[in-house]
Every structure is written in C-alpha cells, then in structure tokens.
Amino acid sequence: MMTLLRLVYEFFKAGLFSIGGGLATLPFLYEMSDHTGWFTHTDIADMIAVSESTPGAIGINMATYAGYKTSGILGGFCATVGLAMPSIIIILIVAHFLNKFRDSRYVARAFYGLRPASIAMISAAGISVVKITMFNLPAFETSHLITDLFSWKAWILGILIFIGEKKLKWHPIVFIAIAAAAGIVFHFAQ
Amino acid sequence: MKELWELFICFLRIGMVTFGGGYAMLPILVRDLDEKRHWCTTDELMDYFAIGQCTPGVITLNVSTFIGNKRKGIPGALVASLGFLTVPIIIILIIAAFLTNFADLPVVKDAFAGIRVCVCVLILQAVLRLWKKSVVDKKALGLYLVVLFLTVFSSVLPVSIPAAVLVIASGVFGILFGKENTLTQESGGEDE
C-alpha cells in the first residue's frame, strides 16, 4: 500500500512539472531513477525506444512500466493515474476560467498571438520528424552523394499518402495502418 | 451515462493512435471531434493545443480533459482522460510483462519507420489546415517565423527558451498588438 502511494506521489510530482509534452518528463525520470531505484537509466533509454514504437507518450509509458515493475498491474495503473492527475486538474481549472472570460477582449487578443505560436511549434515538431524520416543524413555525410541524402522509399510513401488523403478522405487511422504495412513489406528501417 | 460511455470509447480510439508526440493527432481530432461528432470546432481544438503547450502533460490528454469537461463536466473530463490512457497502459503492461526487447524486433522497427512517414504527412496537413485561420496577417506571420526559428534552433542557440515561455510571450504579444475578431465562435464550421 505504501509503495502504491509513493508511486502516485512521485509520478504526480513529475506530471506537475513536465510542461510542454512527453520529452519534458525525461529529466524528472532520471532524477526519480537516482532517488528510488525503481528503474535504471538503461530502462529509461529502452522506454524511449518503446515509446517511439507504441502509442502513448514517454512519461505515461514510463509511469506504467515503473509501476508494473515495482508493484504489478495495480502499480502500473496507479503510477499512470498519478502522472496524469496534475494535467487533468490544471486543464479543469483553465477550462473554468476560459469559459468565464470567453468574451473578454484580452482573451481574444491573446489567442491572436497564441495560434501562430502553436502552429510554429507544430511545424517545428514536423521538421524534426521529417529530418529523421525523409532524409538520411548519416549516409550523406559519409558518401556526399545527393542520392544518399533522400530516403526515397519514404518520399514515395509520403507523397502517396498525401495524395490519398486528399482524394479518398479515408480516416487517418487507415493511412497509419497502411504506412505500417508498407514499412514492414518494404523494410523501411534499413 | 450513454454520453459518458461515448466519451470513453471516442478517446480510447484516439489513445490507440497517438503517435509522434501528439502533434500528428490534429487531423484525427478534427475528423473525430469536429466533423464527425461536432463536439467542438477546429478553432477550439487549436486553442486547446496552444494552451497544452504551456500546461503540464501530453497535449492529447489535455484535449481529452477539455472535451470531456465541455460535454459532461468533471465526470466527463475524468472518463475521457481515462479512455485516452487505457490503451497505452495496456500495451506497456503487455510489453513489460512479456517482451524484453520489443523495440529491437526488426518487424517493429520497419512498421514504425513506415508510421513515421505517415506522421510527417499528418503534421503537414495539420499545419496546412490551420494556417489560414491562425496566420491571419503579416504580424501573425512574423510571430510564426520567430517562434519557428527559436524552436527549431533551440539546441544551437546560446540560450534555449522553454516552450512555455514562448507561448506566454506570444499571448502577451497578441494582447498588445493583436486584433480581436479572431476568436472561435464567430467563424462557424470547417470550410471543407
């Protein structure tokens, strides 16, 4: 019981201070690893890899994993809820004030600035994914051949998906499944 | 009760496909929450994303809480958030219990290299879709470029500015120099 409470407490703290999404949790996870010994630094590195290959954010996944390792399935559940709780509470408070001040001129003006900033950050996230997915910088740096710079298979699939989404209007989940299948059939990881 | 169950199932489905740090989720959220269910407008989703940048937690979890709260108050917020967390929890429990080197399996690596391509396209679509409504004039374009530059080159610049600070500064910029007729309600539905 004490371990469960401690799990909730530790991950609540990590959740409270990791502002701006998944990777912001990392420094707190390293600290927690040193303090509690619930998981090692290698576990964290493994979990980054797992999080890149499963749905869900690194913080959430690490909480589930550490909770499971220390006290089984219930532990996994408690730690994850602990991590998510601050975010849920804060959003409830923000939602309350947002409704109250919806019609305020200042809120309207603030969003004039917030929206371009939000799009800029989404673009930046896009650029970092494109860099590792559509280009092969290590190969280019060794061979200096422009043909090595582009991951051709990825470009072909990307263009097909882009056109497919425009024309077919299928649900994005369908395209994620198609992309996974194409990745397996054409060995995208190499 | 039925509506709570609908919330749970809707966000359970969304939690199943949250790849790429949540940003790629925008087209999926627009599709499921605005166009299909009319639970919120695309503009509101953008506002939630902007707020999510400067509050703790995963952005898609924040959106779950917002929508759940909007539909059914605090119980709705809890049910939607729990729905969003369910699948990731189950997947990690299975991996932790049975698969020690899951991420090293060749088939897993290939599948996710493929999924990453789709994530690129989804993020591109999110940007294209939201561009017109958020970058409304030259001032907004300038702000976009500055924030983009500071975020992309944050690791190379001498001082890296935390995302939360950039978001708050952008809000202040809007209050000082912005226009007011950009708020959600007036603009109606998606023009597609």
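Counting starts from 1 at the beginning of each chain's written sequence and moves along it residue by residue. Written order decides the labels, with chains lettered from A and ligands numbered from 1. Owing to the predicted nature of the model, reporting of local features is limited to residues with pLDDT of at least 70; listing and counting of side-chain atom pairs is limited to 80 or more, with chain, interface and lining totals taken over all residues. Heavy atoms throughout the structure, all of them, feed into the side-chain values; hydrogens and water do not.

Enquirer: Teacher, can you tell me more about the domain arrangement of chain B here?
Expert: Interfaces are often sized by the amount of accessible area the parts lose when they come together. Residues and elements named next belong to chain B. All the domain ranges listed were derived from an automatic or database domain assignment. By domain assignment, chain B separates into domain 1 (2-134) and domain 2 (135-181). A separation of 25 Å is found between the C-alpha centroids of domain 1 and domain 2. The contact criterion used throughout is that any non-hydrogen atoms of two residues lie within 4.5 Å. The interface of domain 1 with domain 2 comprises seven residues on the first partner and seven residues on the second. Counting each side, the surface lost to burial between domain 1 and domain 2 is near 610 Å², with a carbon and sulfur contribution of 69%. Summed over both partners, the accessible area lost on bringing two parts together, with a 1.4 Å probe, is the buried area. Among the residues of domain 1 in contact with domain 2, Cys 54, Trp 131 and Ser 134 are the three that bury the most area, contributing 67% of the side total. A carboxyl oxygen of Asp or Glu within 4 Å of a side-chain nitrogen of Lys or Arg is what we treat as a salt bridge. On inspection of domain 1 and its partner domain 2, the count reaches zero salt bridges.

Enquirer: I'm lost on the packing of aromatic side chains in this one. Help?
Expert: Each pair of aromatic rings is reported with the distance of its centres and the angle of its planes. Any two of the Phe, Tyr and Trp rings considered here, Trp counted by its six-membered ring, make a pair once their centres fall within 6.5 Å; the pair's planes then place it as stacked at under 30 degrees, edge-to-face at over 60, or tilted in between. Enumeration over the complete set of coordinates arrives at 10 aromatic pairs over all chains. With a centroid separation of 5.1 Å and 55 degrees between ring planes, the pair formed by Phe173(B) and Phe177(B) is classed as tilted. With a gap of four residues between them, Phe173(B) and Phe177(B) both fall in helix α7 (residues 163-177), about one helical turn apart. Relative accessible area decides the class of each residue, using a 1.4 Å probe on protein chains only: under 20% of the type maximum gives buried, over 50% gives exposed, and in between gives partly exposed. Judged by its relative accessible area of 22%, Phe173(B) falls in the partly exposed class. According to the relative accessible area criterion, Phe177(B) is partly exposed, its value standing at 44%. A connected cluster of aromatic rings, assembled from ring pairs, spans Phe135(A), Phe150(A), Trp152(A) and Trp155(A). Arg37(B) extends its terminal NZ or CZ atom over the ring of Trp39(B), reaching a point 5.4 Å from the ring centre. Here a strand is any run of E in DSSP of at least two residues, a helix any run of H or I of at least four, and the numbering for each starts at the N terminus. Two limits define a charge over a ring: the Lys NZ or Arg CZ must be within 6 Å of the ring centre, and within 35 degrees of the ring normal.

Enquirer: Could you clarify how one ought to interpret the interface of chain A and chain B in this entry?
Expert: On the chain B side, the residues contacting the 82 residues of chain A number 101 residues. Approximately 8100 Å² of surface area, both sides summed, lies buried where chain A meets chain B, with 76% of it carried by carbon and sulfur atoms. Per-residue buried area on chain A facing chain B is highest for Tyr112(A), Arg115(A) and Met121(A); these three make up 11% of the total on that side. The interface formed by chain A and chain B contains one salt bridge. A salt bridge links Asp47(B) to Arg115(A); the nearest nitrogen and oxygen atoms lie 2.9 Å apart. Polar contact criterion, stated in full: a pair of N or O atoms within 3.5 Å, where within protein one must be able to donate a hydrogen and the other to accept it, and residues adjacent in sequence count only if both atoms are side-chain atoms. For the pair chain A and chain B, the interface holds 11 residue pairs in polar contact (both at pLDDT 80 or more). Taken together, the elements giving at least two residues each to the side of chain A that touches chain B come down to α1 (2-17), α3 (41-52), α4 (58-100), α5 (105-133), α8 (152-168) and α9 (172-185) of chain A. Among the residues forming the side of chain A that touches chain B, the class breakdown is 53 nonpolar, 21 polar and eight charged. Residue polarity follows a fixed list, in which Ala, Val, Leu, Ile, Met, Phe, Trp, Tyr, Cys and Pro are nonpolar, Asp, Glu, Lys and Arg are charged, and the others, Gly among them, are polar.

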